[in-house]
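Close look at the chain arrangement
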Amino acid sequence: MAKKTFMQGAVILAAAGVIIKALGAVFRIPLGNMISDEGMGYYQTAYVIYVMFLVLSNTGMPVAISRVVSERLAVSDREGAHRVFRVSFLLVSAIGLASFLFCFFQSEFLLGFFPNMENASYSIRAISPALLIVPVMASFRGYFQGMQNMRPTANSQIVEQLFRVAVGLSLAFFLLPKGEQFAAAGAAFGATAGAAFGLAAIALIYYFSRGRLRAARRAAGRRGRAGADSTRRTLFRILAIAVPITIGASIMPIMNFIDLALITNRLSDMGWAPDDVRGAYGQLTGFANPLINLPQILTQSVAMSLVPAVAGAYKRGDTEFLRHNIRLGLRTSLVIGLPCALGIMTLSTQIMEMFFPAEKEAADSAASFLFILAFGIIFLSAVQTLTGVLQGVGRQMTPVRNLFVGAAVKVAVTWVLIAVPSINVKGAAIGTVTAYFVAAALNLAAVRRHTGTSFEIGKTFVKPAVAALVMSLVAGGSYRLFSLLLGGAPAAFATALAVVAGVIVYAAMIFVSGA
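Residues numbered from 1 in each chain as written. Predicted model: local features only at pLDDT ≥ 70, side-chain atom pairs only at ≥ 80, totals over all residues. Heavy atoms only, no water.

**Remarks on the overall build of the chain**
- For the chain, the count of helices and strands is 17 helices and zero strands.
- A globule of 515 residues ought to have a C-alpha radius of gyration of about 24 Å, and the chain, at 23 Å, matches this closely.
- C-alpha atoms of the chain, sized along the principal axes, occupy 70 × 55 × 40 Å.
- Looking at the 515 residues of the chain, the share that counts as buried comes to 56%.
- Long-range contacts, defined here as pairs at least 24 residues apart, represent 83% of the contacts in the chain between residues at least 6 apart.
- With the model as given, the accessible surface of the chain reaches about 20300 Å², and the carbon-plus-sulfur share is 67%. (Helix = DSSP H or I, 4+ residues; strand = E, 2+ residues; numbered from the N terminus. Rg over C-alpha atoms; globule rule 2.2 N^0.38 Å. Buried < 20%, exposed > 50% of the residue type's maximum accessible area, 1.4 Å probe, protein only. Contact = heavy atoms within 4.5 Å. Areas by Shrake-Rupley, 256 points an atom, 1.4 Å probe, with all protein chains shown as cover.)

This is the structure in structure tokens:
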């Protein structure tokens with residue numbers, strides 16, 4: 001395998017991520033305007049439960065598969081790399097089946113934790129078949145990612161999102177006359193349809209690549225033992241990596257699950273009406289959260305591409321190339337995360353009103369949540385990248401412990417602040433930012449300790465921060481200027497132009513400053 005940095009794969013996944021999130025906006029924004037904040041509350045309740053199960057059944061597998069495949073290829077064991085794929089395929093199929101059956105048949109039990117959310121059961125059943133499909137897709141993706149080929153993953157993600165949007169919005173529209181709970185279920189089924197088409201896409205890519213992959217295995221020759229013993233060792237190796245990663249990845253979805261319980265119960269105890277509770281939760285999770293997910297998909301592409309690159313360099317003992325990738329990875333994630341955070345904070349109200357014009361009151365209320373959550377983008381960008389580094393060097397339990405500490409702090413902060421009448425649901429957003437800050441600081445210390453990597457403070461942290469600060473000042477000033485110049489035109493035009501101005505200024509600043 002050619003010695004190359006993670007950047008090529010990161011760019012491919014980032015480009016796919018931009019397309020996916022653009023399609024996600026096409027999905028979320030009309031959906032929020034169509035089914036209101038109460039309907040979004042039903043949808044998000046099902047989605048939180050779905051993501052929690054998906055993390056438990058799926059998240060660690062692509063990383064584990066890509067890392068083990070990369071390690072096998074680093075020593076020219078292509079037959080061993082393919083064995084990893086075969087074993088993982090059977091494993092994830094069994095896990096996915098168990099997750100689907102429990103989620104589908106125990107929806108009422110799951111909703112027993114959340115007062116006033118009983119009607120979300122339709123959405124849970126509609127989205128649960130995706131739990132059967134997505135893990136199988138992850139096995140294909142991990143295999144290709146281990147070869148540092150990110151195109152199959154990117155292509156299948158785009159196909160998956162296209163059908164999710166088309167099917168989800170169509171069903172929500174046709175089912176809306178029956179009630180918001182049925183419209184939300186139609187939207188949730190979009191995830192199931194998207195997963196089915198995404199799996200078909202990557203399976204076809206694999207089918208047409210079989211000849212080339214088989215020829216490469218023959219050329220490399222067979223190494224390692226075949227048979228039951230080798231298969232057993234491969235299975236244990238995958239699980240040894242995947243289980244800690246899954247535990248770590250499940251912490252925040254579980255915290256979101258706890259958030260749902262905390263918000264609904266604490267606000268109900270404070271005397272909030274059921275409609276107000278559902279509306280506030282829908283604003284936080286259905287309006288604000290999706291708008292901070294674009295930076296996450298970009299920085300996650302860095303983390304996903306880092307794992308096989310770091311694992312290969314670590315396996316070969318190439319310390320200099322290892323540290324080069326680590327420095328480049330953290331700097332890239334901050335160059336992405338900082339401007340997104342400060343830009344969203346600067347225009348939080350305007351962005352909300354631009355995307356949700358039919359729900360102006362709810363959008364204005366959700367803007368305060370967006371402002372707080374945007375600050376967490378900075379720390380989440382670092383958490384994702386540094387977690388990828390630690391996973392690549394075999395320290396997958398370290399980010400798990402660090403995120404658990406952050407999550408424990410989040411629960412405490414959320415519990416206390418939600419009960420403050422002037423803060424209420426904003427306490428959950430503040431808790432989330434606190435969790436990411438704690439985890440980022442602990443991960444950074446761990447990477448320095450385990451890899452000996454030092455980071456140039458000015459180039460890594462200060463210069464991107466200065467460039468982002470200048471950008472945010474320009475974006476805020478541009479919005480006021482364009483609002484005056486455009487007069488009676490919709491405010492969305494001024495917001496869009498201000499965003500474009502901010503992007504141009506930031507692009508110039510990162511080159512001028514040397515960031």
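There is more to say, and it comes next.
**Comments concerning the packing of helix H10 (residues 293-316) against helix H11 (residues 319-346)**
- For the pair H10 and H11, interaxial distance at closest approach is 9 Å and the crossing angle is 175°. Considering their axes alone, H10 and H11 lie roughly antiparallel with respect to each other. In this structure, H10 contributes Pro295, Leu298, Thr299, Val302, Leu306, Ala309, Val310, Ala313, Tyr314 and Arg316 to the contact, and H11 contributes Phe321, Leu322, Asn325, Gly329, Thr332, Ser333, Ile336 and Cys340.
- The residue makeup of the contact of H10 with H11, split by class, is twelve nonpolar, five polar and one charged. (Axes fitted to C-alpha atoms, helices over the stretch in contact; angles between N-to-C directions. Parallel < 35°, antiparallel > 145°, perpendicular 65-115°, else oblique. Nonpolar A, V, L, I, M, F, W, Y, C, P; charged D, E, K, R; others polar.)

**Re the packing of aromatic side chains**
- The final tally for this structure, using the stated rule, is 21 aromatic pairs.
- Judged by centre distance (5.7 Å) and plane angle (85°), the ring pair of Phe89 and Phe140 falls under edge-to-face. Residue Phe89 is located in helix H2 (residues 78-105), and its partner Phe140 is located in helix H5 (residues 130-146); the two are separated by 51 residues in the primary sequence.
- Residue class for Phe89 comes out partly exposed when judged on its relative accessible area of 29%. (Phe/Tyr/Trp six-rings, centres within 6.5 Å; stacked < 30°, edge-to-face > 60°.)

**Description of the environment of Ala475**
- Mapping Ala475 onto the fold places it in helix H16 (residues 457-486).
- The exposure class assigned to Ala475 is buried, which follows from its relative accessible area of 3%.
- Distance from Ala475 to Phe208, taken between C-alpha atoms, is 47 Å for residues 267 residues apart in sequence.
- If near-sequence neighbours (up to four positions away) are discounted, Ala475 is found in contact with Leu347, Ala498 and Gly502.

**What to know about a nonpolar patch on the surface**
- Together, Leu481, Leu485, Leu486, Phe493 and Leu497 give the surface a local cluster of nonpolar side chains, amounting to about 480 Å² of exposed area.
- Mapped onto the nonpolar patch, the elements with two or more residues apiece are H16 and helix H17 (491-512).
- You can see Leu497 is positioned in helix H17.
- Note on Leu497: relative accessible area 38%, which makes it partly exposed. (Patch = residues over 30% accessible without salt bridge, like charges linked within 9 Å, V, L, I, M, F, W, Y side chains within 5 Å. Salt bridge = Lys/Arg side-chain N within 4 Å of Asp/Glu carboxyl O.)

**Focus on unusual backbone geometry**
- Of note, Asn424 is a non-glycine position whose phi angle comes to about 40°, a positive value.
- Mapped onto the elements of the fold, Asn424 is located in the loop between helix H14 (397-418) and helix H15 (426-451).

**Some points on the nonpolar core**
- Membership of the largest hydrophobic core comes to 139 residues, with the highest contact counts inside it found for Leu31 and Met352.
- At 23 residues, the largest contribution of residues to this core is made by helix H1 (residues 7-74).
- Excluding its chain neighbours within four sequence positions, the residues that come into contact with Leu31 are Ser36, Met40, Tyr43, Leu169, Ala172 and Ala187.
- Counting residues in hydrophobic clusters, the runner-up holds eight residues, among them Leu13, Ile20, Ala154 and Met304. (Core = buried A, V, L, I, M, F, W, Y, C linked by side-chain atoms within 4.5 Å.)

**Here's the deal with the environment of Glu353**
- Note that Glu353 resides in helix H12 (residues 348-355).
- On a C-alpha basis, the gap between Glu353 and Thr495 in space is 9.4 Å, while along the polypeptide they are 142 residues apart.

**Some remarks on H10**
- The end-to-end C-alpha distance of H10, which contains 24 residues, comes to 35 Å, matching closely the 34 Å that a straight helix rising 1.5 Å per residue would cover.
- Along H10, the largest kink reaches about 30° and is centred on Leu306; proline Pro308 follows within four residues of it.
- Of the residues one or two after H10, Gly317 is the one with positive phi, at around 75°. (Expected span 1.5 Å × (residues − 1). Bend = angle between axes of the 7 residues up to and from the residue.)

**Brief notes about the packing of helix H9 (residues 274-291) against helix H13 (residues 360-392)**
- One can describe the packing of H9 onto H13 by two numbers: an axis separation of 8 Å at closest approach and a directional angle of 55°. In terms of axis orientation, H9 runs oblique to H13. Judged by the sense of rotation from one axis to the other, the crossing of H9 with H13 is right-handed. Residue-level contacts link Ala280, Gln283, Leu284, Phe287, Ala288, Asn289 and Leu291 of H9 to Ala362, Ala363, Ser365, Ala366, Phe369, Leu370 and Leu373 of H13. (Left-handed = near helix turned anticlockwise from the far one by under 90°.)

**Digging into H15**
- Along its 26 residues, H15 runs 38 Å from first to last C-alpha, staying within 8% of the 38 Å computed at 1.5 Å per residue.
- In the segment just after H15, Gly452 is the residue with positive phi, at about 70°.

**As for the environment of Phe482**
- Here Phe482 is to be found in helix H16.
- Take Phe482: its relative accessible area is 22%, and that puts it in the partly exposed class.
- A sequence separation of 16 residues divides Phe482 from Ala498, and the C-alpha atoms of the two residues are 7.5 Å apart.
- Once you skip the residues sitting within four places of it in the chain, Phe482 turns out to touch Ala494, Leu497 and Ala498.

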